[in-house]
Amino acid sequence: MDDMILAGALSIAALYLGAGLVIVAAFVLLAEIAGAVFAGDSARAGILLATALLTAGAYTGTGLFLQKTGRI
């Protein structure tokens, strides 16, 4: 029983750590895009935005595929 409590507590801690990492990454990405826009570097801003959109699309597509195949 004690092992289950420890595993659950560690799982919740890892979940919050992962969520915090995603939030920090989003703020850093927005800061980089804003810095590129204010510096007038539209190519860099476009590349950053395209990379973020491709990553989000791949994540969403993977989730939809796994749901369609019944794995989640």
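The sections below set out a description of the structure shown in this document. (Residues numbered from 1 in each chain as written. Predicted model: local features only at pLDDT ≥ 70, side-chain atom pairs only at ≥ 80, totals over all residues. Heavy atoms only, no water.)

Here we look at the overall build of the protein
- If you tally the helices and strands in the protein, you get two helices and zero strands.
- Based on the C-alpha atoms only, the size of the protein along its principal axes is roughly 60 × 30 × 10 Å.
- By residue count, 4% of the 72 residues in the protein fall in the buried class.
- Accessible surface, the protein: about 6000 Å² in total, of which carbon and sulfur atoms supply 76%. (Helix = DSSP H or I, 4+ residues; strand = E, 2+ residues; numbered from the N terminus. Buried < 20%, exposed > 50% of the residue type's maximum accessible area, 1.4 Å probe, protein only. Areas by Shrake-Rupley, 256 points an atom, 1.4 Å probe, with all protein chains shown as cover.)

Points about the pattern of salt bridges
- Tallied over the entire structure, the rule returns one salt bridge.
- Among the ionic pairs, Glu32 bridges to Arg44, the shortest N-O distance being 2.4 Å. Note that Glu32 is positioned in helix α1 (residues 2-39) and Arg44 in helix α2 (residues 42-68), a separation of twelve residues in sequence.
- When its relative accessible area of 33% is taken as the criterion, Glu32 is described as partly exposed. (Salt bridge = Lys/Arg side-chain N within 4 Å of Asp/Glu carboxyl O.)

Things to note about a nonpolar patch on the surface
- A cluster of nonpolar side chains, contributed by Ile23, Phe27 and Leu30, occupies part of the molecular surface with about 340 Å² of accessible area.
- One can find Phe27 in helix α1. (Patch = residues over 30% accessible without salt bridge, like charges linked within 9 Å, V, L, I, M, F, W, Y side chains within 5 Å.)

Section: α1
- For α1, with 38 residues, the first-to-last C-alpha span of 55 Å sits near the 56 Å given by 1.5 Å per residue.
- Phi for Gly40, located one or two positions after α1, is positive at around 85°. (Expected span 1.5 Å × (residues − 1).)

Brief notes about α2
- Helix length check: α2 (27 residues) gives 38 Å between terminal C-alpha atoms against 39 Å at 1.5 Å per residue, within 8%.
- Trailing α2 by a residue or two, Gly70 shows a phi angle of about 80°, which is positive.

Regarding the packing of α1 against α2
- Across the interface, α1 lies against α2 with an axial gap of 8 Å and an inter-helix angle of 155°. Compared by their axis directions, α1 and α2 come out roughly antiparallel. Taken as a pair, α1 and α2 cross one another with a handedness that is left-handed. In this structure, α1 uses Leu29, Glu32, Ile33, Ala36 and Val37 to contact α2, whose residues at the interface are Arg44, Ala45, Leu48, Leu49 and Ala52.
- For the contact of α1 with α2, the residue count by class is eight nonpolar, no polar and two charged. (Axes fitted to C-alpha atoms, helices over the stretch in contact; angles between N-to-C directions. Parallel < 35°, antiparallel > 145°, perpendicular 65-115°, else oblique. Left-handed = near helix turned anticlockwise from the far one by under 90°. Contact = heavy atoms within 4.5 Å. Nonpolar A, V, L, I, M, F, W, Y, C, P; charged D, E, K, R; others polar.)

Some words on the environment of Gly40
- Position of Gly40 among the secondary structure elements: in the loop between α1 and α2.
- Of the residues examined, Gly40 reaches a relative accessible area of 60% and is grouped as exposed.
- Residues Gly40 and Ala58, spaced 18 residues apart in sequence, show a C-alpha to C-alpha distance of 29 Å.

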